[in-house]
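# A closer look at the structure
If you want the building blocks of each chain, they are given just below.
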Amino acid sequence: MKPNNDLTIPQFKPAERFSFFKPYFFYALDKKIELLRSQNIDIIRLDIGSPDMPPADFILNALVEGAHNPQNHGYMTHGGTQKFRKAISNYYQDRFQVTLDPNREVIGLLGSKEGLFHLSQALLNSDDIALVPDPGYPVYQNSTRMAGAEIFYMPLLEENDFLPDIKLIPTKILDRAKIMWLNYPNNPTGAVAPYALLEEVISFAYKHHIAIAYDAPYCDVCYDDYKALSIMQIPRAKDIAIEFNSFSKAYNMAGWRLGMAVGNPQLIEILSNYKSQADSSTFAPLMEAGIAAIDGDQSWLIERNLIYQHRRNLVVDCLTQAGFKVIIPKAAIYVWSHIPKGFDSSSQFCDTILKEAGVSVTPGTVYGNHGEGYFRISITSNNQRLQEGIQRLINTVKNNSTEKGTIQHE
Ligand SMILES: Cc1ncc(COP(=O)(O)O)c(C=O)c1O
């Protein structure tokens, strides 16, 4: 760089590999909503999946007690303390009957998002391909881009219950594919994976030497007596798969930034080495509270899931009665719905609803091209706000309808 002799203010540009990144959707949306609220507009946020209820008291107590321990304020072991990793392996044993070595097959994360993002950086070369579900959590594709690798999208279609048809992946793609991302219970569709799909995926990955990154942060937020699976329950999964899990949704701890990855020891080691360059583990009391969460009484989660289930029913019933075509989720904290007739695109629909109803919902295209024609409602608001938000949304659609007062879908 030339010396700056005339003292003009220097201009900084992002690295080329990052220059085509826009801000993360919810980061940009936060700013937009902050502006609207500063104009005293009442915005009901049904967009982001941030649990509105607190964790159980015994979890909070563990955090406070931990903070009073003078030995808890230094740097902690990379990838989480032994006790934390042991508690995670006990949780997998109790919840899924899966045995994990806490020293080689478990790592603590600063929320699962960073683990997902960092795995791509640590694993992918520029001539590798990542198989990414569409629609899917945006971090799978963005982390692949950041790593400079290529993406092959696996469409998740409604007629296929939002499951990938892996037989359709061309051989020339499989030759270069290094990782396949999967996420069930699924964000944004609410779909769940049957055992048979997970079995098929594991034997497919074996055959083609592809690592499976299974993202399961909603595995403990289920409805109608459904119990989600861990991919680690499939025989030989540990040879080929890494599973990400999180305290964010399962224990109402999204702001705490606490997560985990488990499974294949090589993948865990690669991620662990990478993370040791980027972070220095997390605050010990957070891990102690995490231990309390997974080791303690799980019965409060039943009540919590019933609250979500009630909200899910409320949203599904109101929208269906109004004429929307809605997917009924068995798990996770979202309702995935078709946009009604008369709107050009998901984002035009969501922009109109935000502007005219003061309700923020997420366009399906945030999750990929196959999200076009859909929008996502998060059920992380109390009944009253949720009901008001849905009612405002329905009224706005009716007002915009060419045949006033009716809602139609394609
Ligand atoms: C599918 C999926 N994976 C991972 C995450 C990240 O969760 P966290 O980083 O809070 O653990 C989310 C958050 O919404 C998600 O929907």
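Presented here is an overview of the structure given in this document. (Residues numbered from 1 in each chain as written. Predicted model: local features only at pLDDT ≥ 70, side-chain atom pairs only at ≥ 80, totals over all residues. Heavy atoms only, no water.)

In terms of residue burial, strand 5 (residues 177-183) counts as a mostly covered element, since six of its seven residues are buried. As paired strands, strand 3 (residues 129-134) and strand 5 are joined by three bridges and run parallel to one another. Within the sheet, the bridge partner assigned to A130 lies in strand 5 and is I179. The pairing of strand 5 with strand 6 (residues 211-215) spans five bridges and is parallel. Bridge pairing in strand 6 places M180 opposite I212. Handedness of the strand 5-helix 7 (residues 195-208)-strand 6 crossover: right-handed. (Buried < 20%, exposed > 50% of the residue type's maximum accessible area, 1.4 Å probe, protein only. Helix = DSSP H or I, 4+ residues; strand = E, 2+ residues; numbered from the N terminus. Pairing = 2+ DSSP bridges. Right-handed = clockwise from strand over helix to strand, strands pointing away.)

We now examine the pattern of salt bridges. Applying the stated criterion across every chain yields a total of 16 salt bridges. Ionic pairing is found between D220 and R95, a salt bridge with its closest N-O pair at 2.6 Å. Taken together, the residues span a long stretch of sequence, with D220 in the loop between strand 6 and strand 7 (241-246) and R95 in helix 3 (residues 82-96) at a distance of 125 residues. According to the relative accessible area criterion, D220 is buried, its value standing at 10%. For R95, a relative accessible area of 15% gives the class buried. Residues D224 and R312 are paired through a salt bridge, measuring 2.9 Å at the closest nitrogen-oxygen approach. (Salt bridge = Lys/Arg side-chain N within 4 Å of Asp/Glu carboxyl O.)

Glancing now at the sheet that holds strand 2 (residues 106-109). Picture the strands of a sheet paired through backbone hydrogen bonds; they go either parallel or antiparallel. A sheet is described by the order of its strands in space; here seven strands give the open sequence 2-8-7-6-5-3-4, paired in mixed fashion. Edge positions in the open sheet fall to strand 2 and strand 4 (150-155), since each of these has one partner strand only. The average undirected angle you get between the axes of adjacent strands in this sheet is 20°. (Axes fitted to C-alpha atoms, helices over the stretch in contact; angles between N-to-C directions.)

Looking at the secondary structure, you find K113 in helix 4 (residues 112-123). With relative accessibility at 31%, the residue K113 sits in the partly exposed group. With 198 residues separating them along the chain, K113 and R311 place their C-alpha atoms 26 Å apart. Every residue in contact with K113, bar those within four places of it in the chain, is listed here: Y24, Y137, V139 and R257. (Contact = heavy atoms within 4.5 Å.)

Further remarks concern the packing of helix 11 (residues 300-322) against helix 13 (residues 383-400). Relative to each other, helix 11 and helix 13 sit at 15°, their axes nearing to 10 Å. Relative to helix 13, the element helix 11 lies roughly parallel. Crossing of helix 11 over helix 13 shows right-handed handedness. Here H310, R311, L314, V315, C318, L319 and A322 of helix 11 lie close against helix 13, whose contacting residues are N383, L386, Q387, I390, L393 and I394. Partitioning the contact of helix 11 with helix 13 into residue classes produces nine nonpolar, three polar and one charged. (Parallel < 35°, antiparallel > 145°, perpendicular 65-115°, else oblique. Left-handed = near helix turned anticlockwise from the far one by under 90°. Nonpolar A, V, L, I, M, F, W, Y, C, P; charged D, E, K, R; others polar.)

These values are about where atoms sit, not about what they do.
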